[in-house]
Amino acid sequence: MSEDKSQVIKEIEEQYPEMTKEFKRIMREQYETFCRKQSNYGPDNIALGKDLSKEEDRKLSQMGLWFRMNDKIQRIKQLVVLNKQDNVGEAVDDTYQDLSVYSIIAQIVKNEK
């Protein structure tokens, strides 16, 4: 990491210690969720059994991720924007977390990993 970036991080962490601590806590929780889901489903769940080194296979995988993310966005819309009752039993925080994790997975797919 460049010195400029690490200086900005240091400044923000000093200026907003509670917020940055919470950000790191949430990121760790998301990483743990990612690992648990990888353990349950394996990488083929996202790769669809395809070779992610091929552009067409990455695109297919990213489309699948888009559908999953759209499901989460629609759920957030129902709960937060439209203030509708939860009948599924998935907390809004879980929905935010899933959306965030899917976004990171999409970047992993894009980077052919």
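Along each chain, numbering runs from 1 in the same order as the chain's sequence is written. Given that the model is predicted, a residue must reach a pLDDT of at least 70 before its local features are reported, and side-chain atom pairs must reach 80 or more before they are shown or counted; all residues, however, enter totals for whole chains, interfaces and linings. The basis for the side-chain values is all heavy atoms of the structure; hydrogens and waters are excluded.

1. Observations regarding the overall build of the chain
Helix and strand assignments follow DSSP, with helices taken as H or I runs no shorter than four residues and strands as E runs no shorter than two, numbered in order from the N terminus. Counting its regular elements, the chain contains five helices and zero strands. Scanning the chain from its N terminus toward the C terminus, one meets helices and strands in the order α-α-α-α-α. All radius of gyration figures rest on C-alpha atoms, and the globule criterion is 2.2 Å times the number of residues raised to 0.38. Taking 13 Å as the expected radius of gyration for a compact globule of 113 residues, we find that the chain reaches 17 Å, considerably beyond that expectation. When its C-alpha atoms are laid out on the principal axes, the chain stretches across 45 × 40 × 25 Å.

2. Side note on the environment of Y41
Structurally, Y41 can be placed in helix α2 (residues 17–41). Separated by 46 residues in sequence, Y41 and N87 have C-alpha atoms that sit 25 Å apart.

3. Remarks on the side chain of T20
You can see T20 is positioned in helix α2. Only protein chains enter the accessibility calculation, which uses a 1.4 Å probe; a residue is then buried when its area is under 20% of its type maximum, exposed when over 50%, and partly exposed in between. Owing to a relative accessible area of 13%, T20 belongs among the buried residues under this scheme. Any pair of nitrogen or oxygen atoms within 3.5 Å is treated as a polar contact; in protein, a donor-acceptor pairing is required on top of that, and neighbouring residues in sequence qualify only through side-chain atoms on both sides. Side-chain polar atoms of T20 contact the backbone oxygen of Y16, separated by 2.9 Å. What makes two residues a contact is simply this: any of their non-hydrogen atoms within 4.5 Å. Beyond its immediate sequence surroundings of up to four residues, T20 is in contact with I12 and E13.

4. What about the packing of aromatic side chains?
Aromatic rings from Phe, Tyr and Trp, with only the six-membered ring used for Trp, were paired whenever their centres fell within 6.5 Å, and each pair was classed as stacked if the ring planes differed by under 30 degrees, edge-to-face if by over 60, and tilted otherwise. What the rule picks out here adds up to two aromatic pairs. With centroids separated by 4.9 Å and ring planes inclined at 75°, the aromatic side chains of W66 and F67 adopt a geometry described as edge-to-face.

5. Looking at the confidence of the model for the chain
Chain-level pLDDT for the chain is 91 on average; 97% of the residues reach the 70-or-more range. For every residue, the pLDDT score states the predictor's confidence, bounded by 0 at the bottom and 100 at the top. Ranking the elements of the chain by mean pLDDT puts helix α3 (residues 44–47) last with 80 and α2 first with 95.

6. Describing a nonpolar patch on the surface
Patch membership requires over 30% relative accessible area and the absence of a salt bridge. Like charges are linked within 9 Å, and nonpolar side chains (Val, Leu, Ile, Met, Phe, Trp, Tyr) within 5 Å. In this description, accessible areas are obtained by the Shrake-Rupley approach with a 1.4 Å probe, and a residue is regarded as covered only by the protein chains that are shown. Counted as salt bridges are all cases of a side-chain nitrogen of Lys or Arg within 4 Å of a carboxyl oxygen of Asp or Glu. Where nonpolar side chains cluster on the molecular surface, the patch consists of L48, L60, M63, W66 and F67 and spans about 500 Å² of accessible area. The residue W66 is located in helix α4 (residues 55–81) in this model.

7. What about the environment of V8?
Among the secondary structure elements, V8 is positioned in helix α1 (residues 3–15). Owing to a relative accessible area of 47%, V8 belongs among the partly exposed residues under this scheme.

8. Describing α4
Helix span, as expected, comes to 1.5 Å for every residue beyond the first. The terminal C-alpha atoms of α4 lie 36 Å apart, and with 27 residues this matches the ideal 39 Å at 1.5 Å per residue to within 8%. Turning to α4, its buried residues number three or more, namely D57, R58, S61, L65, M69, K72, R75, I76 and L79. Among the structural elements, α3 and α5 (92–110) are those in contact with the buried residues of α4. Immediately downstream of α4, the backbone of N83 shows phi near 55°, a positive value.

9. A look at the nonpolar core
In terms of nonpolar packing, the biggest core is built from 12 residues, these being I46, A47, L52, L65, M69, I76, L99, V101, Y102, I105, A106 and V109. Looking at this core, the element that brings in the most residues is α5, giving six residues. Non-local contacts of L65, meaning those with residues more than four positions away in its chain, are made with I46, Y102, I105, A106 and V109. The set of buried Ala, Val, Leu, Ile, Met, Phe, Trp, Tyr and Cys residues whose side-chain atoms join them within 4.5 Å is what this entry labels a nonpolar core.

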